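One letter stands for each residue in the lines below.
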Amino acid sequence: MRDKKRIGIIGAGAIGGAVIREIDNSADTEIAFVLVSNVHRMTGFNLADGIVIDDASEALSRPVDLVVEAAMPSVVQELAPRFLRSADFCAFSNTAMARRETEEEVRSITARHGSTFYVPHGAILSLDGIADGRAAIEQVTVTTTKSGKSLGIDPKADGLMFEGATREACARFPRNVNVHAAIALAGLGFDRTVSRIVAVPDLPTMEHQIEVSGPGLSWDIRVSSRSLGGVTGSYTPHSAIGSVRRILGGGGIVAV
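## Quick notes on the environment of Ser225
On the secondary structure map, Ser225 appears in strand S11 (residues 217–226). Overall, the relative accessible area of 10% leaves Ser225 in the buried class. Distance from Ser225 to Thr205, taken between C-alpha atoms, is 5.4 Å for residues 20 residues apart in sequence. Setting aside residues up to four positions removed in sequence, Ser225 forms contacts with Thr205, Met206, Gly233, Ser234 and Tyr235.

## Observations regarding the pairing of strand S2 (residues 29–35)
A large share of S2 lies buried, amounting to six of its seven residues. Where strand S1 (residues 5–10) lies against S2, six bridges are found, and the strand directions are parallel. For Lys5, the partnering residue across the bridge sits in S2 and is Thr29. Between S1 and its parallel partner S2, the chain crosses via helix H1 (residues 14–24), and the hand of that crossover is right-handed. Both S2 and strand S3 (residues 52–53) contribute to a ladder of two bridges, which runs parallel. Bridge pairing links Val34 to Val52 in S3.

## A look at the sheet that holds strand S9 (residues 194–199)
Where strands meet in a sheet, backbone hydrogen bonds hold them as pairs that are either parallel or antiparallel. The five strands lie next to each other as S8-S9-S7-S10-S11, forming an open sheet whose pairing is mixed. Because the sheet does not close on itself, it has two edges, and the strands there are strand S8 (159–165) and S11. Averaged over neighbouring strand pairs, the angle between their axes works out to 10° when direction is ignored. Relative to S9, strand S7 (residues 139–146) is paired through six bridges, and the arrangement is parallel.

## Considerations on the pattern of salt bridges
A complete count under the given rule lists eight salt bridges for this structure. The closest approach of N and O atoms between Arg107 and Glu103, which form a salt bridge, is 2.8 Å. A residue pair is termed a helical-turn pair when its members lie 3 or 4 positions apart in one helix, as Arg107 and Glu103 do in helix H4 (residues 100–113) at four residues. Overall, the relative accessible area of 16% leaves Glu103 in the buried class. A network of salt bridges, in which partner residues are shared, links Arg100, Arg167 and Asp191.

## Here we look at the nonpolar core
Grouped together as the largest cluster of nonpolar side chains are 36 residues, with contacts concentrated most on Ile10, Phe33, Phe83, Phe89, Phe117 and Phe190. Other than its neighbours up to four places away in sequence, Ile10 contacts Phe33, Leu35, Val67, Val68, Glu69, Ala70, Ala71, Val75, Leu79, Phe83 and Phe89.

## Remarks on helix H9 (residues 236–248)
The terminal C-alpha atoms of H9, which comprises 13 residues, lie 18 Å apart, in line with the 18 Å expected from a rise of 1.5 Å per residue. H9 sits mainly inside the fold: ten of its 13 residues count as buried. Restricting attention to buried positions, one finds in H9 the residues Thr236, Pro237, Ser239, Ala240, Ile241, Gly242, Ser243, Val244, Ile247 and Leu248. Where H9 terminates, the next one or two residues include Gly249, which has phi positive at roughly 85°.

Thresholds applied
- Residues numbered from 1 in each chain as written.
- Predicted model: local features only at pLDDT ≥ 70, side-chain atom pairs only at ≥ 80, totals over all residues.
- Heavy atoms only, no water.
- Helix = DSSP H or I, 4+ residues; strand = E, 2+ residues; numbered from the N terminus.
- Buried < 20%, exposed > 50% of the residue type's maximum accessible area, 1.4 Å probe, protein only.
- Contact = heavy atoms within 4.5 Å.
- Pairing = 2+ DSSP bridges.
- Right-handed = clockwise from strand over helix to strand, strands pointing away.
- Axes fitted to C-alpha atoms, helices over the stretch in contact; angles between N-to-C directions.
- Salt bridge = Lys/Arg side-chain N within 4 Å of Asp/Glu carboxyl O.
- Core = buried A, V, L, I, M, F, W, Y, C linked by side-chain atoms within 4.5 Å.
- Expected span 1.5 Å × (residues − 1).

Shown next, in the form of structure tokens:
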């Protein structure tokens with residue numbers, strides 16, 4: 001019988017909560033820990049005693065095969081390099097990788113230890129196509145349109161808030177452009193990918209447009225999902241579960 005894979009989860013919001021439920025209901029996996037900032041605010045889950053913790057040192061001491069992060073960029077910067085010495089790491093807060101030192105450290109550690117840093121597609125589509133066509137692609141522009149409230153700025157903000165390199169967008173909107181960071185990592189990098197942030201007052205949806213072009217190729221993909229009330233759209237938790245399933249492997253027909 002195949003041993004269960006041990007999964008550590010960081011964060012228990014919309015994305016982390018979806019992953020917790022998926023892993024907890026799977027016969028092939030078990031949760032090694034759920035790391036949160038406040039264990040007393042962790043409700044709605046029926047996890048065994050000792051699984052939910054707020055001590056990063058304790059989490060690092062527990063053996064795991066994979067860590068799934070769904071918290072904030074600072075967590076990736078601090079903990080991904082440490083976990084990657086003995087486990088794989090899947091990060092949803094990929095704006096952390098816009099910090100050059102973090103990206104260089106992650107690349108160095110994964111090469112040295114044979115681990116993998118997974119970049120899930122999150123709220124958008126076509127990440128695999130961008131990665132596959134990287135050598136032929138000349139331009140990538142990502143436009144995100146949200147309400148000012150969802151962007152963490154003045155709710156009445158209206159119009160183009162930012163246009164420029166994705167590295168700078170990540171610095172200005174660290175919790176709102178994770179899809180831009182994922183696209184940059186898959187494709188042309190943080191300095192050659194163009195980010196546009198547009199605010200529309202009271203917009204109930206979160207919209208992303210990905211425009212890609214190169215010699216003999218071009219595509220334009222638009223994705224829209226309703227806001228869950230914070231920085232996450234309704235599609236992303238489903239996407240997160242699919243990404244984790246593919247990372248863990250399995251039988252049947254699998255789209256890659």
